[in-house]
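# Understanding the architecture of this molecule
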8 protein chains.
Amino acid sequence: MKEDLKHILKSIQAGTLSVEDGMEALKDLPFKDLGFAKIDNHRELRQNYPEVIFCQNKTPQQVKEIINYLATQSVNILASRANDEVYQAVKEVIPEAEYHPLPRMIVVNRHTINQNKGKIVVVSAGTADLPVAEEAVLTAEIMGNKVERLYDVGVAGIHRLLAHKDILRKANVVIVVAGMEGALASVVGGLVSRPVIAVPTSVGYGANFNGLSALLSMLNSCAAGVGVVNIDNGFGAGRLAAIINEDQENNEVK
Amino acid sequence: MKEDLKHILKSIQAGTLSVEDGMEALKDLPFKDLGFAKIDNHRELRQNYPEVIFCQNKTPQQVKEIINYLATQSVNILASRANDEVYQAVKEVIPEAEYHPLPRMIVVNRHTINQNKGKIVVVSAGTADLPVAEEAVLTAEIMGNKVERLYDVGVAGIHRLLAHKDILRKANVVIVVAGMEGALASVVGGLVSRPVIAVPTSVGYGANFNGLSALLSMLNSCAAGVGVVNIDNGFGAGRLAAIINEDQENNEVK
Amino acid sequence: MKEDLKHILKSIQAGTLSVEDGMEALKDLPFKDLGFAKIDNHRELRQNYPEVIFCQNKTPQQVKEIINYLATQSVNILASRANDEVYQAVKEVIPEAEYHPLPRMIVVNRHTINQNKGKIVVVSAGTADLPVAEEAVLTAEIMGNKVERLYDVGVAGIHRLLAHKDILRKANVVIVVAGMEGALASVVGGLVSRPVIAVPTSVGYGANFNGLSALLSMLNSCAAGVGVVNIDNGFGAGRLAAIINEDQENNEVK
Amino acid sequence: MKEDLKHILKSIQAGTLSVEDGMEALKDLPFKDLGFAKIDNHRELRQNYPEVIFCQNKTPQQVKEIINYLATQSVNILASRANDEVYQAVKEVIPEAEYHPLPRMIVVNRHTINQNKGKIVVVSAGTADLPVAEEAVLTAEIMGNKVERLYDVGVAGIHRLLAHKDILRKANVVIVVAGMEGALASVVGGLVSRPVIAVPTSVGYGANFNGLSALLSMLNSCAAGVGVVNIDNGFGAGRLAAIINEDQENNEVK
Amino acid sequence: MKEDLKHILKSIQAGTLSVEDGMEALKDLPFKDLGFAKIDNHRELRQNYPEVIFCQNKTPQQVKEIINYLATQSVNILASRANDEVYQAVKEVIPEAEYHPLPRMIVVNRHTINQNKGKIVVVSAGTADLPVAEEAVLTAEIMGNKVERLYDVGVAGIHRLLAHKDILRKANVVIVVAGMEGALASVVGGLVSRPVIAVPTSVGYGANFNGLSALLSMLNSCAAGVGVVNIDNGFGAGRLAAIINEDQENNEVK
Amino acid sequence: MKEDLKHILKSIQAGTLSVEDGMEALKDLPFKDLGFAKIDNHRELRQNYPEVIFCQNKTPQQVKEIINYLATQSVNILASRANDEVYQAVKEVIPEAEYHPLPRMIVVNRHTINQNKGKIVVVSAGTADLPVAEEAVLTAEIMGNKVERLYDVGVAGIHRLLAHKDILRKANVVIVVAGMEGALASVVGGLVSRPVIAVPTSVGYGANFNGLSALLSMLNSCAAGVGVVNIDNGFGAGRLAAIINEDQENNEVK
Amino acid sequence: MKEDLKHILKSIQAGTLSVEDGMEALKDLPFKDLGFAKIDNHRELRQNYPEVIFCQNKTPQQVKEIINYLATQSVNILASRANDEVYQAVKEVIPEAEYHPLPRMIVVNRHTINQNKGKIVVVSAGTADLPVAEEAVLTAEIMGNKVERLYDVGVAGIHRLLAHKDILRKANVVIVVAGMEGALASVVGGLVSRPVIAVPTSVGYGANFNGLSALLSMLNSCAAGVGVVNIDNGFGAGRLAAIINEDQENNEVK
Amino acid sequence: MKEDLKHILKSIQAGTLSVEDGMEALKDLPFKDLGFAKIDNHRELRQNYPEVIFCQNKTPQQVKEIINYLATQSVNILASRANDEVYQAVKEVIPEAEYHPLPRMIVVNRHTINQNKGKIVVVSAGTADLPVAEEAVLTAEIMGNKVERLYDVGVAGIHRLLAHKDILRKANVVIVVAGMEGALASVVGGLVSRPVIAVPTSVGYGANFNGLSALLSMLNSCAAGVGVVNIDNGFGAGRLAAIINEDQENNEVK
């Protein structure tokens, strides 16, 4: 965008672009306007991301229209919180789209991103946390990361976790997915020296209050190096992990 | 009390007690009425407890009047949440009363209870949890228990806890005192096979919300065998531990 | 586990086990890895528990795979929060499994645990609290305890409770199950001298806020000797009661 | 007020009052405007109440100005949440004003209201609830009611309450003041057949959350016939009890 | 009950009742034990109430068994929170039972209670509050009260309420039913001199938080003489109103 | 209404209206009583509003009866939170009624209100906020306002918003509709110098807590000139915007 | 700012400004950087506001440095939440600064803004709400508005409010300041046809929860035309009222 | 630690260490036991951290004893939430300790960590957020990072932030510190492609609820790549940023 801006200003300076047209160009540059949605064309360029569609609260028709537009671009696509009805709508437009029912995600993987990066380890406390954990895994993978799973290692049987300390310590970023009391984030945070992304889940009952218990636990973690994302937000954790895992030389926006 | 009741009924049957007097006797038996307070004389008989005074929200004068009465009985006394002003008032009546400033407790230990019981271990997550932990220790000790302390073994450095598994496993009851994310209760709960009493503390800041974070964690513990008491309620934990630790033959109320 | 550890270290000392194999042995010892779940083989040995499966948030297929593995072991099995679909899946593997619809539990009782223990009394405030109360009863029974029920004795008709004081006082552990204002825990706590485990239920409406009202009441109980478990957590209460009720000589982990 | 309205309308009809003056009269009738406060002259006439000043958040100077005005009327006065500074200001204007430090109330009792009414009984759970209980007592007394106190009868020692069932049952209205788990309201509600006014207090700590625990308990009371007022609102309870206790023939507003 | 007690004690004194039988008699007197429920036979005697069954969280079968028992008694019956399935079960036992779908109540009115009492006025803020308001009306009526409805007079059009001040002022007790901001209770409380029972409803959306908004409003009412019951608790309001409205000479329990 | 009052008073003065009839007239003037609802006839006169029916919690039959009455008046009608069943009931009475499924509103537009007013701009953060945004648009339009939409300009891609600053700045009132973190209200508030009405939506998940997150954000906005309405209350925002946008000379009620 | 932007772009086009300098100019234009604070020079130009300093959480030294800079500009200044220590620091720099202790505001009124606008009426429920009400008054006045006060007209004595309907109806904007149950906003909202800005205050106690009660009430107001600002935010209300009250022709930013 | 473990096991294998001594060695290795605190000697080795002391809830004496021990080690020391009394105690032991009053931190910088890392940018919304922002800055600096400050760029004047996009985009990690509505995190998250650590602060008032508003905003951020730490936890943010900023080759624990 900086280059775009410089180019436009230089064109004005060179007299090849009028001031009025320059102002117009600046307005139209960075997104595609569908009326009900403004698709951010340059986001991938800016942030190395696939285009992501958060399907919850959108009608299948709205998702389809967005997909219609994206189908003309050569980007990878990730649709989260998608049910089967949405998937059928997407498949009409992009037949090769894949559906993962556990994390309820649609993936369109058009070009592999090969990167020489560290490993991301996704740790889950219990079997019931898997939908959120898999959402994180898929998100990180489509952004070109190697991901290793370490599931059902909740703290009530701490030996299950300690038996895999080596996996944890080879990670460049660790994602911890846990519901109930969310204690796993603190324990993992004390075992590794790399960043931990904690994802509270709404798994549990009673005084879990839909994930509040795990959320507060993770925010109050006595271990350092823990950042928290929203309840059940596996996607956000995967994306933050991928960003941390990126080549740091690439960090300046084009 | 059952014996008392039977005796009164038998006296009525025997004609040595009128119905009216019987009804009066039943009313006056079990407590001493000071007007603003009704002291439960027979609680110790019933429950093997020392007399306990919760000083918060009581004036020093009120505490003193209660002490005045108890001084005439031969019971052990425990006054919790007591400040120095209260202690001075108590000392005027019972000079041998001791004050413990960290847990803010006054102790009058008139007769040692020698019991052949298991050990109670009090575990704390951090140094800041000590006032609550010590309140639990003192309470359990005055009820005749052997207590061992295991302090500052929070989960962010899990090796500090694991290095003392042997202490934990010799305990008949474990009290876990932790603030912040309160994860220690779950980890200890997974390591021992005896009952764990979890005490959330208000230690922490921000989204700790005065102990709510640790409280919810402990209630949602994925480990079995964990019972929770109120935030900062070291006294309640010590008492529950003592009750669990009692000779089970003694469990029927006299 | 301590014995296991000593044996492995001794084998290394004796030269019959290499350091590398020793490290591997330590890692693989204590659980069975199904990928999505890590089953804790030695938990029963360690804690005298049946294997327990918390079915909520697990697919019937996942439960079935866990059962498949456990069927090869000779352990007792308890599956909680199970619906009929899950029960059908379990019955295919273990035809003698029983289903209890009120507490929604599946029980596989392979070997009776005969223990010479005290009695556990489960008290409920109202008829609507029965599913949670029965969850506690079944859990305690499968762990070898004698259980007595005392139902519908809520405090609004206190004479119903007082008429059964004798049952309460013969108990070694009392479980109190109550929704709405949860006052029953305090009243029972004042009547007995043995530990009380309080289970708040989500029974009620309006400002009950799904059990919050009873939960806070029980945590703030003015009676001593009360430990609280999560809302609707009959299983947790049954297990904690069973642990307290165990022979105290057995308390050190093998 | 109805009579006032009829008189004004009749004066207009009779031509002795212009429409404009009539509108003005209607505006000025029912209160005295001090600028920062509008004192409701006719409230006592309407509702048989003393004039009440809620002192919290008012400056001593503001209270004094209100008292200055009321001193010219022959009404009884009750000032609640008053500290000593406010009392000194009031005494300058009305030297016979009395101060009750426990409930922090100022009372000016100019004419005794002799009424042939039922008795109001004020019950408190603990000694620490006395300031709120006394606020209720004073309020009911200045409105001409006979009040009996029954203090420190919390449910953890239920026999203390049961021993005084006769006092409860002679009451026409019962006020129950309790903090912590607030269970006393339900138990009393089950014992009497007259209205119970429940006052939660902020007495307690931890998960009491400044009275929320007792408030929710009382709202969820399983006993019928319980109405709840705000946390620590002894005044409101005393006033509601007095209103209920009034001669029902007087219920139509003059 | 007092008479019962005296009689039993006298029989013991007279030797016509053994101590053991006396203790047994005291236990069995006041309720019928169905196992899962303990029906309080003497409640009506004690409190002039119909027998009330709260159907929520009870199975139709459980309700039917309770009805089966009550059918043998000559009491009035009120079943609240009943759906059609429950009603069908009840009708099999008591064909003359009536169902009111709006408040979801079943009424069995076996003997009219004719009382010479004041009037109860039920005021509702909006049309959506009617189910709760009607629950209050039915409850008060079955207890022998004259009830007048004043519906849809919310404060946003205050003239609708002011136009009916005469109805309000003829009431001996006023019940105010309101959701959303619940302001109606304060306005009515300022208009009448008799007790106001405020019922918050869960009507509304967004920051209404299922009735919390109206509940807090009513608890903080700046008008005196307001007692609050649980959210949507029309039954509780009707019952409290009926109790207040009772002949005060009858207040001592037989 | 002022004129009505003056007329009635003058008629009394002139002797053409008795005092009793005058009091009756004052009572019956301002609304139509359907029993379960009191329709405010003069609201449109008073406030230039269409008649609005909030359908949630009303039965289709109740809505139909209200419509039946309104059909005899010549007012514009807006029914919010209406489902198709309600729409079918309305159409039987008023066949030209239109249904808008996204905002779930029924509109009966009988006479166009032509006003020479400023423009209202409705801004939404995401596509999922459209139902609420459209509710605001329809409401403002039926009250005679020109409305411009600016959708899907959430702050995570701030350039989408900045590209349309000119639209924002031509607005006389801006409505900002946003869920999740609700940050858009603050950013827009800093860009414009006209009033901003912020509508939090319940769009989001996890720690959004049904709109609480956006609600708190908007209330704490660091930008000046922001007023907040209830969660998902598009109608309220549209109406407040229309009121602000009105000719200020018209502000005195007739 | 639009003009500034156009000028800079035109200078680049004309070759009198290099691209680099143009980018620099765009960056430095709109604020003064003090390091710890960035003062928004052009805000007044943009929004007709005085410069406002929110003093809470700022050291007196920080406030003084900001004042030092503003003293060189000819703007009006408003400092809110200022204590006397801050005022002394300000007076050293600007001796004519005035301090209003009730709303804790410092005012520097350098040039009167004479505007021909409608009137703003500030209504308060009780005397205790005055600090917040006065904060609103001062804020509106320094922005050139005529303000009328209507204090102590809470809904418990609704006749006090109704007696002043004429004042309310002459207002172009109404600000309603109320604590406790906040019902005043709904009642006023139903009486006027102009915008109402509701300010919840933290006045009250118990279940008021520091203003939450009034806040929720106001957000759930059943009256239309009500916008809510933060608890105790008199300043925000005054500013929003002033913005609404502005000449609508001036609404486009320069 | 892995090396330590291997060494101990090899010594056992070699016969130079008995099994008992090996078990002892494993226990004593990783921390120094002061009784009330267990100092983690190897944490710096493990995680490249300075030793950190959280002073809140610790007595000055306890801090001094910990410092006494650390003074014998050559580590860097950071003491957070320290008041002047604590600082005086520390200075007695380590005279060169520096105190930073704004973030209330004590720093002992014994050996500079020179690292060739990216830059960390700390952004704050307002002047009042500086104490927390500076806590983050100091923490990151003592861990060897270059830090740049960008203060007072809250979203209500978005141009202040946009003017510094270049600073943001040169950052390898961005820390955003904001109170009130916390919107800054989302806006910054949309502008950069590197990880954003969001720190909610308790700055604000009213419905800010001590930082809850900003916390929820940040958790619900619609921008990707945002991880959240506890309210006011500048230290945690600085540490997480430093960990992310580390050379990724160093990520395996020694």
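The model shown is predicted, which means the values in this text are computed figures rather than measured ones.

Rules used throughout
Residues numbered from 1 in each chain as written. Chains lettered and ligands numbered in written order. Predicted model: local features only at pLDDT ≥ 70, side-chain atom pairs only at ≥ 80, totals over all residues. Heavy atoms only, no water. Pairing = 2+ DSSP bridges. Helix = DSSP H or I, 4+ residues; strand = E, 2+ residues; numbered from the N terminus. Axes fitted to C-alpha atoms, helices over the stretch in contact; angles between N-to-C directions. Contact = heavy atoms within 4.5 Å. Buried area = accessible area lost by both parts, 1.4 Å probe. Salt bridge = Lys/Arg side-chain N within 4 Å of Asp/Glu carboxyl O. Nonpolar A, V, L, I, M, F, W, Y, C, P; charged D, E, K, R; others polar. Polar contact = N/O pair within 3.5 Å; in protein donor to acceptor, adjacent residues only side chain to side chain. Least-squares fit on C-alpha atoms with pLDDT ≥ 70 in both. Buried < 20%, exposed > 50% of the residue type's maximum accessible area, 1.4 Å probe, protein only. Arc of directions from axis to C-beta. Right-handed = clockwise from strand over helix to strand, strands pointing away. Phe/Tyr/Trp six-rings, centres within 6.5 Å; stacked < 30°, edge-to-face > 60°.

A few words on the sheet that holds strand 5 (residues 98-100) of chain C. Residues and elements named next belong to chain C. The strand order across the open sheet built from four strands is 3-4-6-5, with neighbouring strands paired in mixed fashion. Every interior strand has two partners, whereas the edge strands, strand 3 (51-54) and strand 5, have only one. Recorded for the sheet is a direction-independent mean angle of 15° between the axes of neighbouring strands. Of the pairings in the sheet, the one linking strand 5 to strand 6 (residues 105-108) comprises three bridges and is antiparallel in character. What sits directly across from Tyr99, in strand 6, is Ile106.

On to the interface of chain C and chain D. By a widespread convention, an interface's size corresponds to the accessible area lost as its parts come together. At the junction of the two partners, chain C supplies 24 residues and chain D supplies 24 residues. Taking both partners together, chain C and chain D bury about 1,900 Å²; carbon and sulfur atoms supply 69% of that area. In terms of surface lost to chain D, no three residues of chain C exceed Ala156, Glu181 and Asn220 of chain C, which account for 29% of the buried area on that side. Taken together, the links from chain C to chain D amount to zero salt bridges. Counting residues per element, the ones that place at least two in the side of chain C that touches chain D are helix 7 (158-162), helix 9 (184-191) and helix 10 (212-219) of chain C. Looking at the side of chain C that touches chain D element by element, the count peaks at five residues for helix 10 of chain C. The residue makeup of the side of chain C that touches chain D, split by class, is 16 nonpolar, seven polar and one charged.

Let's shift gears to the interface of chain A and chain H. Contacts between chain A and chain H engage 34 residues on the former and 34 residues on the latter. When chain A packs against chain H, the two sides together hide about 3,300 Å² of surface, and 50% of this comes from carbon and sulfur. Joining chain A to chain H, the criterion identifies zero salt bridges. Remark: the boundary between chain A and chain H carries five residue pairs in polar contact (both at pLDDT 80 or more). Within the residue set of the side of chain A that touches chain H, elements represented by two or more residues are helix 3 (43-47), helix 8 (165-170), strand 9 (171-178), helix 9 (184-191), helix 10 (212-219), strand 11 (226-228) and helix 11 (234-245) of chain A. Looking at the side of chain A that touches chain H, the element that brings in the most residues is helix 11 of chain A, giving five residues.

With that settled, the discussion passes to the relation of the copies chain A and chain H. Mapping chain A onto chain H leaves a residual RMSD of 0.0 Å; the transformation is a rotation of 180° accompanied by 0.0 Å of translation along its axis. As the rotation angle and translation indicate, the two copies are arranged about a two-fold axis. In this assembly the copies share their binding face: 100% of the residues contributing to the interface of chain A also contribute to that of chain H.

Okay, the relation of the copies chain C and chain D next. The operation relating the pair of chain copies consists of a rotation about an axis and a translation along that axis. In screw terms, the move from chain C to chain D is a rotation of 180° and a rise of 0.0 Å along the axis, fitting with an RMSD of 0.1 Å. Comparing interface residues between copies, 100% of those in chain C also sit at the interface in chain D, which points to an isologous, same-surface contact.

The subject of this paragraph is the side chain of Arg81 of chain A. Along the polypeptide, Arg81 of chain A turns up in the loop between strand 4 (77-80) and helix 5 (84-93). Among the polar contacts listed, one links the side chain of Arg81 of chain A to the backbone oxygen of Asp232 of chain A, at a separation of 2.7 Å. Once you skip the residues sitting within four places of it in the chain, Arg81 of chain A turns out to touch Phe54, Cys55, Gln56, Arg104, Glu135, Asp232 and Asn233 of chain A together with Tyr205 of chain F.

Even without a glycine there, the phi angle at Asp152 of chain D is positive, about 65°. Checked against the element boundaries, Asp152 of chain D lands in the loop between strand 8 (146-150) and helix 7 (158-162). Owing to a relative accessible area of 10%, Asp152 of chain D belongs among the buried residues under this scheme. The backbone of Arg104 of chain F shows a phi angle near 55°, a positive value even though the residue is not glycine. For Arg104 of chain F, the location among the structural elements is in the loop between strand 5 (98-100) and strand 6 (105-108). Overall, the relative accessible area of 37% leaves Arg104 of chain F in the partly exposed class.

In this section: the pattern of salt bridges. When the charged atoms of two side chains lie near each other, side chains of opposite charge can form a pair. One pass over the structure, following the stated rule, counts 40 salt bridges over all chains. The partner of Glu134 of chain E in a salt bridge is Arg149 of chain E, with the nearest N and O atoms 2.6 Å apart. Here Glu134 of chain E is found in helix 6 (residues 130-142), whereas its partner Arg149 of chain E is found in strand 8 (residues 146-150), with 15 residues between them in sequence. Residue class for Glu134 of chain E comes out buried when judged on its relative accessible area of 14%. A salt bridge links Asp152 of chain F to Arg160 of chain F; its shortest N-O distance comes to 3.9 Å.

For the rest of this paragraph, the subject is helix 4 (residues 60-70) of chain D. Along helix 4 of chain D, the residues classified as buried are Gln62, Val63, Ile66, Ile67, Tyr69 and Leu70 of chain D. What you see down the axis of helix 4 of chain D is that its buried residues fit within an arc of 160°, all on one side.

With that out of the way, let us pick up the pairing of strand 10 (residues 196-200) of chain F. Residue and element names in this part refer to chain F. Most of strand 10 sits out of view: five of its five residues are buried. Both faces of strand 10 are covered, namely the face carrying Val196, Ala198 and Pro200 and the face carrying Ile197 and Val199. Alignment of strand 9 (residues 171-178) against strand 10, held across five bridges, turns out to be parallel. Bridge pairing in strand 10 places Val177 opposite Val199. The parallel pair strand 9 and strand 10 is bridged by helix 9 (residues 184-191), and the resulting crossover is right-handed. For the crossover from strand 10 across helix 10 (residues 212-219) to strand 11 (residues 226-228), the handedness is right-handed.

Let us now look at the packing of aromatic side chains. Under the defined criterion, the tally for this structure stands at 16 aromatic pairs over all chains. With a centroid separation of 5.4 Å and an interplanar angle of 35°, the aromatic rings of Tyr205 of chain B and Phe54 of chain H are classed as tilted. A residue pair is termed interchain when its members come from two chains, as with Tyr205 of chain B in the loop between strand 10 (196-200) and helix 10 (212-219) and Phe54 of chain H in strand 3 (residues 51-54). For the pair Tyr205 of chain B and Phe54 of chain H, a shared accessibility class is recorded, and that class is buried. Ring centres of Tyr87 of chain E and Tyr99 of chain E lie 5.1 Å apart, and the angle between their planes is 20°; on these two criteria the pair is classed as stacked.

Attention now goes to the sheet that holds strand 5 (residues 98-100) of chain H. Residues and elements named next belong to chain H. What the four strands build is an open sheet, ordered 3-4-6-5; its pairing is mixed. Of all the strands in the sheet, the pair left with one neighbour each is strand 3 and strand 5. On average, adjacent strands in this sheet sit at an angle of 15° to one another, irrespective of strand direction. Seen against the sheet, helix 6 (residues 130-142) touches strand 4 (77-80), strand 5 and strand 6 (105-108) and runs at an angle of roughly 15° to strand 6.

In short, the description is geometric, and any link to function would need to be established separately.
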